[in-house]
Amino acid sequence: FGWALNSGADSALLYDSLKEINQEKKYPKIFGRGSSFALFTWAGSALIGGFLAVYLGYRMLFFITATLFLIGFFIALLLKEPPIHKTVYDKKFIPHLKRAIKFSFEHKTVRNLIIYYGVFAALSHLTWFLIQPFYGQSSLPKYFVGIAIFLFFLFAGIGNLIAERFIKKIDEEHLLLALLLVASGSFI
């Protein structure tokens, strides 16, 4: 539930905040750094969590994590949206939705991004949840799971840090293809 509410809202809040101060061109760099910071935090948490699982078990780690997410929820309530949006009086949602869908189909880049992100997000989230039951059944030490997840988030964070360099050097179609190949290799 929290992931669904966060998805896209964080990047929109960042972009709108930067637009408010006429710095929206810095968005890719700042978003990449922010994402890296989050991933590095998750990496450290996974490493610590792996070792705590030995002493506390996965059930207790779940409750600790849930408590941290609850604290994050209350912190998020303190965020304020930048005042750049105009009040929209058009309450005709269906015509607006139809125009947005038409726009998505007519613009190749938008269409490709929607398909790419949809497939990649679905596969990565599905994989993440499907492997969870195997953590407890594995004969490997519990801390090994923490080390593996630590490495995953560490490399994801590094990828976010260096992504801006690739964005500037590679056109969008080749970049999407490269990302698809890297993601496919990662899944395999």
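In what follows, the accompanying structure is described. Per chain, the residues get numbers from 1 upward, laid out in the order the sequence is written. For this predicted model, a pLDDT threshold of at least 70 governs which residues receive local features, and a threshold of 80 or more governs which side-chain atom pairs are given and counted, while totals over whole chains, interfaces and linings are taken from all residues. Excluding hydrogens and water, the side-chain figures rest on all heavy atoms present in the structure.

1. A word on the packing of aromatic side chains
Stacked, edge-to-face and tilted are the three classes for Phe, Tyr and Trp ring pairs, Trp counted by its six-membered ring, which pair at centre distances within 6.5 Å; planes under 30 degrees apart are stacked, over 60 edge-to-face, the rest tilted. Under the definition given, this model contains six aromatic pairs. When the centroid spacing of 5.3 Å and the interplanar angle of 70° are considered together, the rings of tryptophan 42 and phenylalanine 153 count as edge-to-face. Taken together, the residues span a long stretch of sequence, with tryptophan 42 in helix H3 (residues 27-76) and phenylalanine 153 in helix H6 (residues 142-169) at a distance of 111 residues. Relative accessible area decides the class of each residue, using a 1.4 Å probe on protein chains only: under 20% of the type maximum gives buried, over 50% gives exposed, and in between gives partly exposed. Among the residues examined, tryptophan 42 registers a relative accessible area of 37% and is labelled partly exposed. Of the residues examined, phenylalanine 153 reaches a relative accessible area of 11% and is grouped as buried. Among the aromatic residues, those joined into a cluster by ring pairs are Tyr15, Tyr27 and Phe31. Starting at the N terminus, helices and strands are each numbered in turn, a helix being any DSSP run of H or I of at least four residues and a strand any DSSP run of E of at least two.

2. Observations concerning the pattern of salt bridges
One side-chain nitrogen of Lys or Arg within 4 Å of one carboxyl oxygen of Asp or Glu is enough to make a salt bridge. One pass over the structure, following the stated rule, counts one salt bridge. Glutamate 106 is the salt-bridge partner of lysine 102, the closest N and O atoms lying 3.9 Å from each other. Separated by four residues within a single helix, lysine 102 and glutamate 106 lie in helix H4 (residues 93-106), roughly one turn from each other. With a relative accessible area of 53%, glutamate 106 lands in the exposed category.

3. Observations concerning H3
One less than the residue count of a helix, multiplied by 1.5 Å, gives the span that helix is expected to have. In this model H3 runs just 20 Å from its N-terminal to its C-terminal C-alpha over 50 residues, more than 12% under the 74 Å that 1.5 Å per residue would give. At leucine 56, H3 shows its largest kink, close to 110°. Within H3, burial applies to Gly32, Ser35, Ser36, Leu39, Ala43, Ala46, Gly49, Gly50, Ala53, Gly57 and Leu61. For this analysis, residues touch if any pair of their heavy atoms sits within 4.5 Å. Looking at the buried side of H3, the elements it contacts are H6. The seven residues ending at a residue and the seven starting there each receive a fitted axis; the angle between those axes is the bend at that residue.

4. A few points about H6
The end-to-end C-alpha distance of H6 is 41 Å, a good match for the 40 Å that 28 residues give at a rise of 1.5 Å each. The sharpest bend along H6 reaches about 45° and sits at isoleucine 162. Along H6, the residues that are buried comprise Val145, Gly146, Ile149, Phe153 and Gly157. The inward-facing, buried residues of H6 contact H3 and helix H5 (108-137).

5. Some words on the environment of valine 119
Checked against the element boundaries, valine 119 lands in helix H5. Exposure remark for valine 119: the relative accessible area of 46% places this residue in the partly exposed category. Considering only alpha carbons, one finds valine 119 and leucine 180, 61 residues apart in sequence, at a separation of 10.0 Å.

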